[in-house]
Amino acid sequence: MLTQLGDDAKLLAGGQSLIPLMKLRFANPAHLVDLNFISGTSYIKEEKNTLRFGALTRHAEIEASAAAGKIPILHDCAAGIADVQVRNRGTIGGSIAEADPSGDWAAVLFTLSAEVRCLGSKGERTVSLSDFIKDAYTTVLAHDELVSEVAVKTPSKGSAGAYLAFKRSAPVYPTASAAVQLTMEGDVCQEAAIALGCVGLTPIRAKDAEAAIRGHVLTQKTMADAVEAARAAADPQSDVRGSTDYKRALVGGLVKRAIEIAARRARGEQVEVGHLYA
Ligand SMILES: Cc1cc2nc3c(=O)[nH]c(=O)nc-3n(C[C@H](O)[C@H](O)[C@H](O)COP(=O)(O)OP(=O)(O)OC[C@H]3O[C@@H](n4cnc5c(N)ncnc54)[C@H](O)[C@@H]3O)c2cc1C
């Protein structure tokens with residue numbers, strides 16, 4: 001249908017981004033192609049080393065999923081998006097395809113090995129998430145392509161993560177967020193992935209922050225170095241949510257807390273986290 005209808009057609013998934021944009025007249029598609037009529041597009045499949053999400057899987061389904069709960073950072077993300085109404089409608093595929101710089105899923109999935117399966121009239125291709133998102137609201141998807149699945153590699157034993165977002169209230173997008181996935185061996189951090197959300201046009205992998213803790217014992221000093229590097233990596237815009245300096249300071253605090261929680265979880269501790277509200 002996308003091929004037949006041409007550029008004026010848009011896919012509709014949960015409608016939680018597209019419909020508000022249409023109400024604001026920022027989007028004005030001539031045709032909506034509703035994915036909700038296609039069966040078999042919402043699923044969570046646990047395979048040997050991979051967790052597969054059908055594109056139409058709702059945030060709330062992921063929040064409630066025992067399989068997704070085994071990767072705590074996924075639960076942190078799903079449970080914290082907006083409010084119950086948005087989570088009941090919004091989909092993981094729609095979030096990734098929207099590539100909203102303030103969206104939660106992309107920042108979290110940047111710390112995991114995540115791939116996006118794209119389906120179009122010319123066939124199917126699989127793209128790593130970091131290659132999939134090109135810029136703010138821009139992905140590699142061709143007009144006649146859709147996201148059919150998001151696949152996440154199961155982290156190895158001793159690896160766990162945490163996702164924290166700071167929001168002004170529940171149904172608004174975060175002011176800043178931090179996703180951290182660590183592999184711990186005792187007190188030593190063997191592997192680290194740190195992604196910053198809402199402080200750039202796309203999620204930012206804070207590579208220098210990762211290097212500051214990788215191969216080191218997590219001490220106040222190594223964590224402070226990581227925080228400093230994360231603040232330097234952030235590239236926030238000043239807007240209604242806060243000034244550039246405020247967001248840069250905030251994201252550092254979120255990174256520190258997320259490192260601490262991820263490390264405790266990686267050592268086997270059960271730690272509940274929720275987003276932080278102003
Ligand atoms: C009040 C409110 C607060 C929100 N707060 C947050 C928040 O804090 N954090 C957060 O992450 N999100 C937030 N959202 C957005 C929500 O998570 C959306 O669900 C998500 O961004 C888009 O998913 P959707 O299924 O609703 O997509 P839709 O709105 O249906 O579609 C979004 C875009 O993606 C395209 N699209 C959809 N599915 C596919 C697909 N399978 N393949 C290719 N293209 C596709 C559509 O054509 C459209 O351009 C909020 C939304 C609202 C209304």
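Source: prediction; values computed, not measured.

**Looking at the nonpolar core**
Now for step 1: Within the largest apolar cluster, 37 residues are counted, with the highest numbers of intra-cluster contacts made by Leu74, Ile96, Trp105, Leu109, Leu129 and Phe132.
Now for step 2: If we skip the residues at most four places from it in the chain, Trp105 touches His59, Ile62, Leu74, Cys77, Ala78, Ile81, Ile92, Ser95 and Ile96.
Now for step 3: With 36 residues, the next largest nonpolar core counts Cys189, Ala206, Ala226 and Ala230 among its residues.

**Remarks on the site of the ligand**
Now for step 1: In the region of the ligand, 31 residues are neighbours, and Leu11, Gln16, Leu18, Thr91 and Asp104 sit closest.
Now for step 2: A distance of 2.7 Å is found between an oxygen atom of the ligand and a backbone nitrogen or oxygen belonging to Gln16.
Now for step 3: Side-chain polar atom of His59 to an oxygen atom of the ligand: 3.0 Å apart, as the coordinates give it.
Now for step 4: Taken by itself the ligand offers 970 Å² of open surface, and the protein chains cover 91% of this.
Now for step 5: At the level of elements, strand E1 (9–12), helix H7 (92–98) and strand E9 (145–153) are the ones that each hand at least two residues to the shell around the ligand.
Now for step 6: Per element, the largest residue contribution to the shell around the ligand is four residues, and it comes from H7.
Now for step 7: Class assignment for the residues of the shell around the ligand results in 17 nonpolar, ten polar and four charged.

**Some words on unusual backbone geometry**
Now for step 1: Positive phi values are uncommon outside glycine, yet Ala82 reaches one of about 45 degrees.
Now for step 2: Looking at where Ala82 falls in the secondary structure, it is placed in the loop between helix H5 (72–80) and helix H6 (84–89).
Now for step 3: The phi dihedral of Cys198 falls on the positive side, at around 70 degrees, and the residue is not glycine.
Now for step 4: The class of Cys198 is buried, set by a relative accessible area of 8%.

**Concerning helix H12 (residues 244–266)**
Structural remark: α-helix, 3.6 residues per turn; residues separated by three or four positions point the same way.
Now for step 1: When the terminal C-alpha atoms of H12 are compared, their 32 Å separation across 23 residues agrees well with the 33 Å that a helix rising 1.5 Å per residue should span.
Now for step 2: Directly beyond the C-terminal end of H12, a positive phi value near 100 degrees is found at Gly268.

**Looking at the environment of Gly15**
Now for step 1: Assignment of secondary structure puts Gly15 in the loop between E1 and helix H2 (18–23).
Now for step 2: C-alpha separation for the pair Gly15 and Arg89, spaced 74 residues apart in sequence, amounts to 7.4 Å.

**Overview of the side chain of Glu145**
Now for step 1: Here Glu145 is to be found in strand E9.
Now for step 2: Here Ala142 takes part through its backbone nitrogen, which lies 2.9 Å from a polar atom of the side chain of Glu145.
Now for step 3: Among all residues touching Glu145, those that are not within four sequence positions of it are Leu2, Leu11, Cys118, Leu119, Gly120, Arg125 and Val140.

**Regarding the pairing of strand E2 (residues 31–34)**
Now for step 1: With four bridges connecting them, E1 and E2 associate as parallel partners. In the sheet register, Ala9 faces E2, and the bridge partner there is His31.
Now for step 2: In this region the chain leaves E1, passes through H2 and returns to the parallel neighbour E2; the handedness of that crossover is right-handed.

**Regarding the packing of helix H11 (residues 220–233) against H12**
Now for step 1: Between H11 and H12, the least distance of the axes is 8 Å, while the angle of their chain directions is 140 degrees. Relative to H12, the element H11 is oriented oblique. The element H11 and its partner H12 pack so that their crossing is right-handed. Here Gln220, Met223, Ala226, Val227, Ala230, Arg231 and Ala232 of H11 come into contact with H12, specifically with Arg248, Ala249, Val251, Gly252, Gly253, Val255, Lys256, Ile259 and Glu260.
Now for step 2: Here the contact of H11 with H12 is built from residues that sort into nine nonpolar, three polar and four charged.

**Things to note about the side chain of Thr222**
Now for step 1: Tracing the chain through its elements places Thr222 in helix H11.
Now for step 2: Since its relative accessible area comes to 11%, Thr222 is described here as buried.
Now for step 3: Leave out the neighbours within four places in its chain, and Thr222 touches Ala212, Ile213, His216 and Val217.

**Description of the environment of Gln181**
Now for step 1: Here Gln181 lies in strand E11 (residues 176–185).
Now for step 2: Taking the relative accessible area as the measure of exposure, Gln181 reaches 7% and is therefore buried.
Now for step 3: Filtering out sequence-adjacent residues up to four positions away, Gln181 remains in contact with Ile73, Thr111, Leu112, Pro155, Ser159, Ala160, Gly161, Glu191, Ala192 and Ala193.
Now for step 4: Of note is the side chain of Gln181, whose polar atom sits 2.9 Å from the side chain of Ser159.
Now for step 5: At 3.3 Å, the side chain of Gln181 and the backbone nitrogen of Gly161 are in polar contact.

Definitions and cut-offs
- Residues numbered from 1 in each chain as written.
- Predicted model: local features only at pLDDT ≥ 70, side-chain atom pairs only at ≥ 80, totals over all residues.
- Heavy atoms only, no water.
- Core = buried A, V, L, I, M, F, W, Y, C linked by side-chain atoms within 4.5 Å.
- Buried < 20%, exposed > 50% of the residue type's maximum accessible area, 1.4 Å probe, protein only.
- Contact = heavy atoms within 4.5 Å.
- Near = heavy atom within 4 Å.
- Polar contact = N/O pair within 3.5 Å; in protein donor to acceptor, adjacent residues only side chain to side chain.
- Areas by Shrake-Rupley, 256 points an atom, 1.4 Å probe, with all protein chains shown as cover.
- Helix = DSSP H or I, 4+ residues; strand = E, 2+ residues; numbered from the N terminus.
- Nonpolar A, V, L, I, M, F, W, Y, C, P; charged D, E, K, R; others polar.
- Expected span 1.5 Å × (residues − 1).
- Pairing = 2+ DSSP bridges.
- Right-handed = clockwise from strand over helix to strand, strands pointing away.
- Axes fitted to C-alpha atoms, helices over the stretch in contact; angles between N-to-C directions.
- Parallel < 35°, antiparallel > 145°, perpendicular 65-115°, else oblique.
- Left-handed = near helix turned anticlockwise from the far one by under 90°.

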